[in-house]
Amino acid sequence: MNKNFVEELKWRGMLSQITPGTEELLQKEMVTAYLGTDPTADSLHIGHLCGIMMLSHLQRCGHKPLALIGGATGMIGDPSGKSAERNLLDENTLRHNQECIKNQLAKFLDFESDAPNKAELVNNYDWMKDMTFLDFAREVGKHITVNYMMAKDSVQQRLNGEARDGLSFTEFTYQLLQGYDFLYLYQHTGCKLQMGGNDQWGNMTTGTELIRRTLGAESEAFALTCPLITKADGKKFGKTESGNIWLDPKRTTPYKFYQFWLNVSDHDAERYIKIFTSLDKEIIDALVEEHQQDPGRRVLQKRLAEEVTVMVHSRQDYDAVEASGILFGKGTKETLQKFDEETLLSIFDGVPHFEICKDAVVSGVKAVDLFTDGAPVFASKGEMRKLVQGGGVSLNKEKLAVFDQMITAEDLIDGKYLLVQRGKKNYYLLTAK
């Protein structure tokens, strides 16, 4: 017997709103359900992860997930949760983004097997592109009143909110377009359930209403949302000072990705490990208990960071990244030499970088000259001498014995880097050019 999908979402803290009868439907039959994703970039970011995990749990519970790429709607922009219109895409960009997104989703969903509940990718541009405005007005527009549309929170907020530039007609029709997606999928794939974030509730219920009004009262459709994930301080989850945390390693390195999860607060770690991993309840409860006994060990954060990094990237990426943790502790020169250049640079992304003259290193240079004149690691030679005598200076994770030790090309990692450590916490990456 498959797991109960609604129960699964409940204990994970992933259930916000649900239409009456949804749970009964899910227990009665294999349900096809869809969740829409906006294709404005060629990568998803961790703001999309909760929705992806909903699809993943749905499939694990024996139901069939449809991942809908909002190609048509991506050309318009959705007013909910936004205060301004978004830019519109051309078809080539859209198709490129769709392919990239499918590759990312394939890490979470089974698209390939011959199971009856294998996942499928659909794009609403495919059924919207040939529809004329007159068709739309006649087939969709006539079923939903403006009064009904005006009552939605997402519309009200834009009309009365801080952004007084109002709502364009295009954006106003968004809920009809999203409603039509549901109607189309209901008719063509037997899809009876739509899922999404709770800012989508208004658009989703427009869909269930459109199905009822178009096809008659016996045609029942359902909606279910997850809460919008926030951080303990109430701020939006997934945004950092430097922008989004992407799933694409070219946009956000696996190291930075891992660090994001490792650095969440205790309160958030306990919520996130339920939402963003597929670990079962027993394992999570045990981890929470272990964490509470000694929060300083950050058991929850470490396991969360490991699970999500392996799931989104790979076990190999995780192993490389985990070794980087050793670097800031008890790493060795051997550890350093294992990294490829990209990983090395992303690990030391936040530390001061200096360029030094490669010729000088090749012909041999005293450490004291290189780290004061060559690069301003130390304010003076006297300061460096004192620190070396106290055992407080390392080169490539090995303590400098004397302050005027000769440095040669042999010391360069990857033929071009030196890692200097001053005291316990201060790192400097020198690049020989």
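Look a little higher up for the structure.
Quantities reported herein were computed from a predicted structural model and do not represent experimental measurements.

**Quick look at the sheet that holds strand β5 (residues 222–226)**
Then, in step 1: Across the sheet, five strands lie side by side as β3-β2-β1-β4-β5; this open sheet has parallel pairing. In this open sheet, the two edge strands, each paired with only one partner strand, are β3 (120–123) and β5. Each adjacent strand pair in this sheet contributes to an overall mean axis angle of 30 degrees, direction not counted.
Then, in step 2: Two strands pair when backbone bridges link them, and strand β1 (residues 32–37) and strand β4 (residues 191–197) are joined in this way by four bridges, in the parallel orientation. Paired with Leu35 across the strands is Met195, a residue of β4.
Then, in step 3: Contacts from helix α5 (residues 91–105) reach β2 (64–69) and β3, with the element oriented near 160 degrees to β3.

**Here's the deal with the packing of helix α15 (residues 281–293) against helix α16 (residues 299–312)**
Then, in step 1: At their nearest, the axes of α15 and α16 sit 8 Å apart, and the two run at 140 degrees to each other. Put simply, α15 runs oblique to α16. For the pair α15 and α16, the contacting residues are Ile283, Leu287, Val288, Glu290 and His291 in the first and Val299, Leu300, Gln301 and Arg303 in the second.
Then, in step 2: Its residues assigned to classes, the contact of α15 with α16 comprises five nonpolar, two polar and two charged.

**Quick look at the packing of helix α14 (residues 266–275) against α15**
Then, in step 1: For the pair α14 and α15, interaxial distance at closest approach is 10 Å and the crossing angle is 170 degrees. The angle between the axes of α14 and α15 places the two elements in the roughly antiparallel class. When α14 is examined against α15, the residues Asp266, Glu270, Ile273 and Lys274 are found in contact with a partner set consisting of Ile284, Leu287, Val288, His291 and Gln292.
Then, in step 2: In the contact of α14 with α15, the residues fall into four nonpolar, two polar and three charged.

**A short note on the sheet that holds strand β13 (residues 417–422)**
Working definition: the strands of a sheet are paired by backbone hydrogen bonds and lie parallel or antiparallel to each other.
Then, in step 1: Read from one edge to the other, the open sheet built from five strands follows the order β8-β14-β13-β10-β11, with strand pairing classed as mixed. Among the strands making up the open sheet, the edge pair consists of β8 (353–356) and β11 (398–399).
Then, in step 2: Set on the sheet, helix α21 (residues 367–374) makes contact with β8, β10 (393–395), β13 and β14 (426–432); between it and β8 the angle comes to about 115 degrees.

**Here we look at the packing of aromatic side chains**
Then, in step 1: In total, this model carries 14 aromatic pairs according to the counting rule given.
Then, in step 2: Consider the rings of Phe237 and Phe260, whose centres lie 5.9 Å apart with planes at 65 degrees: the pair is edge-to-face. In this pair, Phe237 is assigned in the loop between β5 and β6 (239–240) and Phe260 in helix α13 (residues 254–262), connecting sequence segments 23 residues apart. Of the two residues, Phe237 and Phe260, neither departs from the other in class, the shared state being buried.
Then, in step 3: On the numbers, 6.2 Å between centres and 15 degrees between planes, the contact of Phe354 with Tyr428 is stacked. Note that Phe354 is positioned in strand β8 and Tyr428 in strand β14, a separation of 74 residues in sequence.
Then, in step 4: For Phe354, a relative accessible area of 22% gives the class partly exposed.
Then, in step 5: Clustering of aromatic rings is evident, with ring pairs tying together Phe237, Phe257, Phe260, Trp261, Tyr272 and Phe276.
Then, in step 6: Sitting over the ring of Phe111, Lys102 keeps its end group 5.1 Å from the ring centre.
Then, in step 7: Over the ring of Tyr148 we find Arg213, and its NZ or CZ is 5.4 Å from the ring centre.

**Notes on α15**
Then, in step 1: Counted at 1.5 Å a residue, the expected span for α15 with its 13 residues is 18 Å, and the 19 Å between its end C-alpha atoms agrees.
Then, in step 2: Inspection of α15 places Ile284, Leu287, Val288 and His291 among the buried residues, and these make up the whole buried set. Angular distribution of buried residues about the axis of α15 spans 100 degrees; they occupy a single face of the element. The outward face of α15, more than 90 degrees from its buried face, is lined by the exposed residues Glu282 and Gln293.
Then, in step 3: Elements in contact with the buried residues of α15: α1 (5–11), α14 and α16.

**Here's the deal with the environment of Leu94**
Then, in step 1: Within the secondary structure, Leu94 is located in helix α5.
Then, in step 2: Taking the relative accessible area as the measure of exposure, Leu94 reaches 0% and is therefore buried.
Then, in step 3: Distance in space between the C-alpha atoms of Leu94 and Asp42 is 8.4 Å, their sequence separation being 52 residues.

Rules used in this analysis
Residues numbered from 1 in each chain as written. Predicted model: local features only at pLDDT ≥ 70, side-chain atom pairs only at ≥ 80, totals over all residues. Heavy atoms only, no water. Pairing = 2+ DSSP bridges. Helix = DSSP H or I, 4+ residues; strand = E, 2+ residues; numbered from the N terminus. Axes fitted to C-alpha atoms, helices over the stretch in contact; angles between N-to-C directions. Contact = heavy atoms within 4.5 Å. Parallel < 35°, antiparallel > 145°, perpendicular 65-115°, else oblique. Nonpolar A, V, L, I, M, F, W, Y, C, P; charged D, E, K, R; others polar. Phe/Tyr/Trp six-rings, centres within 6.5 Å; stacked < 30°, edge-to-face > 60°. Buried < 20%, exposed > 50% of the residue type's maximum accessible area, 1.4 Å probe, protein only. Lys NZ or Arg CZ within 6 Å of the ring centre and 35° of its normal. Expected span 1.5 Å × (residues − 1). Arc of directions from axis to C-beta.

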